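Below are the chains, spelled out letter by letter.
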Amino acid sequence: MTRVKRGAPTASTRVVAVIGDPVAHSLSPVIHNAAFAATGLDWVYVALPVQRGSGAEAVRSLHALGLAGLNVTAPHKEAAAEACDELTQDAAALRSVNTVVVRPDGGLVGDSTDGQGFIGALDSEGVECAGRTVLVVGAGGAARAVTLALARRGARLIVAARRPDGAAAAARLAPGGVAVTMEEIPAALREASVVVHATPVGMSGEPPPFDTTSLGTGHIVVDLIYRPVETRLLLAAREAGARGIGGLGMLVHQAARSFTEWTGVDAPLDVMRKSVQLP
Ligand code: NAP
């Protein structure tokens, strides 16, 4: 008789996965497997390396492989949006998908949970952005998701990016949104009280990609990078007397939303936070 170690996956275990290139660094398996254990669900979450260019094919194979759902990370978020049968309002506005849910008929529903994850993280830090001016640095998938979510929340948006067309396209997601260059950031910091850094610069310990000398006690700086937990931008912000918030909170909140979309069960947020050493 085949003995199955208690807690180990069996033939009836539901499987969800994250695809990306690279994906080995992902913290999502840690967060979701902690949540499955805490809720007693016989589910498992794995990371699947999928090469650039194969994202759409991987998403379309989801139902055939019997996976219950999928997370999608760089560089496949746009390809995943193309491969889904149906998109939520956020995913359609952003043409970007980080969560795929398999409908009972096998159809694939794509959602983008980054924006709601970002707002959830700010709420848990007691930061309200309605009526504030927020400077978003970067114009990629995360920057666009954050810009859309903040605009819905009633913030005024300034988007800074190194490509003027990218900044303009992201700023258009927010009514009255303004696009500026990276060099114009010090001037923008006079108007904005919240700064959201949404480029990958800092993941390898590099200094921030903009002049931080105008940061001061009136600023809240949110760095979406979660590895390292303490970036040089956050250090510079705290040295200037600003409040610094890292990206782990957003990671946990976007994961919580995916968890509930797949399982229909309330996400155990405290367990998910603790799994990545958040208080
Ligand atoms: P992305 O789609 O590749 O976008 C990256 C953006 O950064 C682009 O606008 C890019 O400009 C810009 N950029 C890259 N290098 C730059 C530089 N040297 N100077 C100025 N701008 C630069 O990536 P993403 O998915 O938005 O992710 C961005 C960051 O957010 C990553 O660090 C990611 O880990 C983090 N993130 C965190 C969470 C979370 O839950 N905490 C969720 C999503 C993303 P170009 O378009 O000109 O290349």
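Look up a bit, the structure's there.
Here the structure is a predicted model, which means the values were calculated and not measured.

Rules and cut-offs
- Residues numbered from 1 in each chain as written.
- Predicted model: local features only at pLDDT ≥ 70, side-chain atom pairs only at ≥ 80, totals over all residues.
- Heavy atoms only, no water.
- Helix = DSSP H or I, 4+ residues; strand = E, 2+ residues; numbered from the N terminus.
- Rg over C-alpha atoms; globule rule 2.2 N^0.38 Å.
- Buried < 20%, exposed > 50% of the residue type's maximum accessible area, 1.4 Å probe, protein only.
- Contact = heavy atoms within 4.5 Å.
- Areas by Shrake-Rupley, 256 points an atom, 1.4 Å probe, with all protein chains shown as cover.
- Lys, Arg positive; Asp, Glu negative; His and termini not counted.
- Charge placed at Lys NZ, Arg CZ, Asp CG, Glu CD.
- Axes fitted to C-alpha atoms, helices over the stretch in contact; angles between N-to-C directions.
- Parallel < 35°, antiparallel > 145°, perpendicular 65-115°, else oblique.
- Left-handed = near helix turned anticlockwise from the far one by under 90°.
- Nonpolar A, V, L, I, M, F, W, Y, C, P; charged D, E, K, R; others polar.

**Some remarks on the overall build of the chain**
Link 1 in the chain: For the chain, the helix and strand inventory stands at 12 helices and 12 strands.
Link 2 in the chain: Relative to the compact-globule value of 19 Å for 279 residues, the chain shows a C-alpha radius of gyration of 19 Å, a close match.
Link 3 in the chain: Reported as C-alpha extents along the three principal axes, the dimensions of the chain are approximately 70 × 35 × 30 Å.
Link 4 in the chain: Out of the 279 residues in the chain, the part that is buried amounts to 52%.
Link 5 in the chain: Put simply, of all contacts in the chain between residues at least 6 apart along the chain, 62% involve residues at least 24 apart.
Link 6 in the chain: Per element, the accessible surface of the chain, about 13,100 Å² overall, is 53% carbon and sulfur.
Link 7 in the chain: In the chain, 25 positive and 26 negative side-chain charges are present, and the distance between their average locations comes to 3 Å.

**Focus: the packing of helix α1 (residues 28-39) against helix α11 (residues 248-263)**
Link 1 in the chain: Look at α1 against α11: their axes get within 10 Å of each other, and the N-to-C directions meet at 50°. Taken together, the axis directions place α1 and α11 in an arrangement best described as oblique. For the pair α1 and α11, the crossing hand works out as right-handed. Seen from α1, the contacting residues are I31, H32, A35, F36 and T39; seen from α11, they are L251, V252, A255, S258, F259, W262 and T263.
Link 2 in the chain: Of the residues belonging to the contact of α1 with α11, the class tally is 8 nonpolar, 4 polar and no charged.

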